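The primary structure of each chain is shown beneath.
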Amino acid sequence: MSKASASIFELDGIPRLSQALPLALQHVVAMIVGCVTPAIIVSGVAGLDSPDRVVLIQAALFVSAVSTLLQLFPIVQGKNFQLGAKLPVIMGISFAYVPSMQAIAGAYDVGTILGAQIVGGLVAILVGLTVKKIRVLFPPIITGTVVFTIGLSLYPTAVNYMAGGTSTPAYGSWQNWLVAFFTLAVVTGLNHFSKGFFKLASILIGIIAGYLLAACFGMIDFSGIASSGLFQLPKPLHFGVHFEPSACVAIGVLFAINSIQAIGDLSATTMGSMDREPTSRELQGGILMYGVENIIGALLGGLPTATYSQNVGIVTTTRVINRCVLGLAAVVLIFAGLIPKFSALLTTIPQCVLGGATISVFASIAMTGIKLIMQQEMNYRSTSIVGLSVALGMGVTQASASLSAFPAWVTTIFGSSPVVLATLCAILLNVILPKGEKR
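Note that the coordinates shown come from a computational prediction; the quantities given were computed from them, not determined experimentally. (Residues numbered from 1 in each chain as written. Predicted model: local features only at pLDDT ≥ 70, side-chain atom pairs only at ≥ 80, totals over all residues. Heavy atoms only, no water.)

Some points on the overall build of the chain
Next, step 1: A count of helices and strands for the chain gives 19 helices and two strands.
Next, step 2: The dimensions of the chain, computed from C-alpha atoms along their principal axes, are 60 × 60 × 45 Å.
Next, step 3: For the chain, long-range pairs separated by at least 24 residues make up 82% of all intrachain contacts whose partners lie at least 6 apart in sequence.
Next, step 4: As displayed, the chain offers around 18200 Å² of accessible surface, 68% of which is attributable to carbon and sulfur atoms.
Next, step 5: Between the averaged position of the 21 positive side-chain charges in the chain and that of its 14 negative side-chain charges there is a distance of 9 Å. (Helix = DSSP H or I, 4+ residues; strand = E, 2+ residues; numbered from the N terminus. Contact = heavy atoms within 4.5 Å. Areas by Shrake-Rupley, 256 points an atom, 1.4 Å probe, with all protein chains shown as cover. Lys, Arg positive; Asp, Glu negative; His and termini not counted. Charge placed at Lys NZ, Arg CZ, Asp CG, Glu CD.)

What follows is the structure, given as structure tokens:
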């Protein structure tokens, strides 16, 4: 009987639905916009038609839910091994992969992203098996540099979206900028002048407010909703799976970095809500499942997932760690992912609204990178590692024509997204540069 009415502050057991449902919806509200936005961005770059965009968004919701459930409730458990973190975490489509996915979608197609994702999943599994040995290669200054570069590289995407999207005839119009800044103002205002639900749901509320203003300018097209069905199961291999070596390298490097980054999110979860460090079993299980769930997700047509920091924040703030609460949030996402009309509704959000809402998210990503970097003393060695890595990563990307004399795969790996080059530079400089410099 006690287990049937377990406390929401206990990891195991089933709490009352009246307690669990509002807390689960809180997690859904916090992550659903971030979950579907990468799919919307990638579908735009890949030139997908409306039905395929709906399929990609559906897959994003469904795969995020399945990945969350696999992390919460390990399907394999042993005395010294488990497949899944068994910690209160939410998985969702990650912005960390967006710059590289944009480059791959533009040069190839969505199937090539999914093929690279499978390889990335294998990389994550390898990291999970060897995490104790290779963790030393990724101190905060390395992961911070990578996260900072990711944030910087996403700014042009947000600004182009604020202007209405480069593919639209009204790109740069005053109406687009007005709607974008209005959306940004609502998000920023709620973040700084409100508390509780309104602060938590600031991005969602900002998008709704921007959406209504955009409707006044006639920017909304509902034709895709009418043609969408009420129920549709995921479509495995709908976009195919293609393996392009250069794309696999670019995504594979990011999976290695994000596997290490997951340690930070899992540690933040346990330290903030359970007052303890995660065990080696939990860390390894979480990373191994991170690889497995992304392989499964690629076959289902979903883009790469990762732990969601905003949901980690909710767990550490409320100290509600019951896995059934987060599992219920995943169930809500599953139902959302099975309703094409809901996904079609999301595709009607104007790009200027998305740009106004997400530029603050991208800014937050960059600042998270700076916070990680600042965990180490910023001496001459540290500033050299960060400065040179970001300069080369961002610089080569912005002058990608400088690689035109090289084979196409070189441009795909190093010239299309700054993240890979910045990551490799940071790792090499951290290994090569002498430590103990006081200058």
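Digging into the packing of helix 3 (residues 98-107) against helix 11 (residues 245-274)
Between two packed helices, the angle of one axis relative to the other and the distance separating the axes together describe the packing.
Next, step 1: Close contact between helix 3 and helix 11 brings their axes to 10 Å; oriented N to C, the two are set at 170°. By the criterion of interaxial angle, the relationship of helix 3 to helix 11 is roughly antiparallel. Residue-level contacts link Ser100, Met101 and Ile104 of helix 3 to Ala247, Ile251 and Leu254 of helix 11. (Axes fitted to C-alpha atoms, helices over the stretch in contact; angles between N-to-C directions. Parallel < 35°, antiparallel > 145°, perpendicular 65-115°, else oblique.)

A few points about the packing of helix 11 against helix 19 (residues 418-432)
Next, step 1: Put simply, helix 11 and helix 19 touch, their axes get as near as 9 Å, and they point 55° apart. Looking at the two axes, helix 11 sits oblique to helix 19. The interaxial crossing formed by helix 11 with helix 19 has left-handed handedness. For the pair helix 11 and helix 19, the contacting residues are Ala250, Val253, Leu254 and Ile257 in the first and Val419, Val420 and Thr423 in the second.
Next, step 2: Here the residues of the contact of helix 11 with helix 19 sort into six nonpolar, one polar and no charged. (Left-handed = near helix turned anticlockwise from the far one by under 90°. Nonpolar A, V, L, I, M, F, W, Y, C, P; charged D, E, K, R; others polar.)

Observations regarding the environment of Gly285
Next, step 1: Turning to its location among the elements, Gly285 is positioned in helix 12 (residues 280-299).
Next, step 2: Note on Gly285: relative accessible area 0%, which makes it buried.
Next, step 3: Excluding anything up to four places from it in sequence, Gly285 contacts Gln82, Leu83, Gly84 and Ala85. (Buried < 20%, exposed > 50% of the residue type's maximum accessible area, 1.4 Å probe, protein only.)

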